[in-house]
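Breakdown of the fold
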Amino acid sequence: MEERKVIYSAVQPSGNLTIGNYTGAISNWVRMQDEYDCFYAVADMHAITVRQDPALLRKRTLELVALYIACGIDPEKCALYVQSHVPQHAELCWVLNSIAYVGEMSRMTQFKDKSQKHAENINMGLMDYPVLMAADILLYQTQLVPVGVDQKQHVEIARDLAVRFNNLYGETFRVPEPLILKTGAKICSLQDPSKKMSKSDENLNASIFLTDDRDTVLRKFRRAVTDSENEVRFSEEKPGISNLLGIYAAFRGCTVEQAEKEFAGKGYGEFKSAVGETVADVLAPIQEKQAQLLADKTYLQETLERGAEHAFKAARRTLSKVYRKVGFYRGD
Ligand code: TRP
């Protein structure tokens, strides 16, 4: 039997997820779970590299797990778990730290951005973030890492570290590839379409959160920044409208060209309401399912225990190989 490819991805439990996380990450994970061996994690260890309120972090972790399942992630088909429940992530990170260079880490785009944004707290974890992410990926002998474009540089570091380790100690890690998903890989801010839609944007009108109710969704789309023309057409000169067309296509399951045709000759007002309705129609059943799941804590806890056990078994295999290769005494 042909071996199934291993997929790894994770989302941080910090801030509310946006529709960009949904189209760019979660909906693709759902599609892949039948075909591949998937490991999907809640990256709580990454989250603490910027200051978190502990009670809120705990709450968001469980909410995110419920959201994954509500979006269609099936814990029977994949390993759905919380990063800090599997100790090998931190353990492998430590070993990789010794082959990762301070210079390359300090040049990472996200490190530079976050250092600026959190100037009062430029901690070692922030700089080490890509190494921990490499550990996440390499522990499972991952082949494909489905991520948004903003995470591509991190997957490249994971590749570099895998190759470097293999060269130093002999073949140990599989070298992973990023899988940058085209449709909806980049959904932009509704207020400044030159920026990615972000869960941490200060302008709350800029992002549609997966928890937004219908009225909020409709209102935010109504206020979305467009341009002074009146033609629903995809073009670099029309970043606002193009972004909305991309969102519509992703949530409708059609192409941008089909969306353009559908709204040919129609005004921006009508178009914006249609985008809002379409998105709200997708979100409503997810929100309902998430609420049901959160009401059943026992189920969620048991699911996470099973997920962690599944991940633990795979992670242990790689880590013990690594420990042997680097010369940690494991008995004779
Ligand atoms: N850094 C990723 C993000 O913020 C989350 C993440 C952590 C991740 N570990 C990962 C993504 C491993 C892919 C693979 O989006």
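Within each chain, residues carry numbers counting from 1 in the order of the written sequence. For this predicted model, a pLDDT threshold of at least 70 governs which residues receive local features, and a threshold of 80 or more governs which side-chain atom pairs are given and counted, while totals over whole chains, interfaces and linings are taken from all residues. Note that water and hydrogens are dropped before the side-chain values are worked out from all heavy atoms of the structure.

1. Overview of the overall build of the protein
- In this text, helices come from DSSP runs of H or I with a minimum length of four residues, and strands from runs of E with a minimum of two, each type numbered from the N-terminal end. Regarding its fold elements, the protein presents 13 helices and five strands.
- Compactness check: the protein gives a C-alpha radius of gyration of 21 Å against a globular reference of 20 Å for 332 residues, within 12% of the reference.
- Oriented by its inertia axes, the alpha-carbon framework of the protein measures out at about 75 × 45 × 45 Å.
- Three labels apply to residues, based on accessible area from a 1.4 Å probe with only protein chains included: buried if under 20% of the type maximum, exposed if over 50%, partly exposed otherwise in between. Within the protein, the fraction of its 332 residues that count as buried is 51%.
- By sequence separation, contacts in the protein at least 24 residues apart represent 76% of the contacts at least 6 residues apart.
- In the structure as shown, the protein presents an accessible area of about 16200 Å², 50% of it carried by carbon and sulfur atoms.
- Neither His nor the chain termini are counted; the positive set is Lys and Arg, and the negative set is Asp and Glu. By convention, the point assigned to a charge is CZ for Arg, NZ for Lys, CD for Glu and CG for Asp. A distance of 2 Å separates the average location of the 42 positive side-chain charges in the protein from that of its 44 negative side-chain charges. When we talk radius of gyration, it's over C-alpha atoms, and the globule rule is simply 2.2 Å times the number of residues to the 0.38. Contacts are assigned to residue pairs that have any heavy atoms within 4.5 Å of one another. With residues, only the protein chains shown are counted as cover, and all accessible areas are computed by Shrake-Rupley using a 1.4 Å probe.

2. Some details on the pairing of strand β4 (residues 144–147)
- Neither face of β4 is exposed, since Leu144 and Pro146 on one face and Val145 and Val147 on the opposite face are all buried.
- Two strands are said to pair when DSSP picks up at least two bridges between them. Pairing of β4 with strand β5 (residues 177–180) involves four bridges; the strand directions are parallel. Each bridged residue has a counterpart across the sheet, and for valine 147 the counterpart in β5 is isoleucine 180.
- Assessed by its sense of winding, the connection that carries the chain from β4 through helix α8 (residues 152–169) to β5 is right-handed. Place the viewer so that the strands point away; then a crossover is right-handed whenever the path from the first strand over the helix to the second strand goes clockwise.

3. Some points on the pattern of salt bridges
- A pairing counts as a salt bridge when a side-chain nitrogen of Lys or Arg comes within 4 Å of a carboxyl oxygen of Asp or Glu. Counted under the stated rule, the structure contains 16 salt bridges.
- Of the charged contacts in the structure, one is a salt bridge between lysine 59 and glutamate 63, with a shortest N-O distance of 3.2 Å. Of this pair, lysine 59 and glutamate 63 both sit in helix α3 (residues 54–70), separated by four residues, roughly a single helical turn.
- The partner of aspartate 150 in a salt bridge is lysine 196, and the shortest N-O contact between them spans 3.0 Å. A residue pair is termed long-range when its members are at least 10 positions apart, and aspartate 150 in the loop between β4 and α8 and lysine 196 in the loop between β5 and α9 (214–222) qualify at 46 residues.
- Take aspartate 150: its relative accessible area is 36%, and that puts it in the partly exposed class.
- One network of salt bridges, with partners in common, ties together Asp227, Glu229, Glu231, Arg233 and Lys238.

4. What about the site of the ligand?
- Gln12, Tyr129, Met133, Asp136 and Gln151 are the nearest of the 13 residues found near the ligand.
- Here a polar contact means two N or O atoms within 3.5 Å. Within protein one must be a hydrogen donor candidate and the other an acceptor candidate, and residues neighboring in sequence count only if both atoms are side-chain atoms. One of the side-chain nitrogen or oxygen atoms of glutamine 12 is found 3.2 Å away from an oxygen atom of the ligand.
- The separation between a nitrogen atom of the ligand and a polar side-chain atom of aspartate 136 is 2.7 Å.
- Here the ligand loses 90% of its free accessible area of 360 Å² to cover by the protein chains.
- For the shell around the ligand, the secondary-structure elements that each account for two or more residues are β1 (6–11), α7 (124–139) and β4.
- Counting residues per element, the shell around the ligand draws most heavily on α7, at four residues.
- Residue type decides the class: Asp, Glu, Lys and Arg count as charged, Ala, Val, Leu, Ile, Met, Phe, Trp, Tyr, Cys and Pro as nonpolar, and the leftover types, Gly among them, as polar. A breakdown of the residues in the shell around the ligand according to their chemical character gives eight nonpolar, four polar and one charged. In this text, near means that some heavy atom of the residue lies within 4 Å of the molecule or strand in question.

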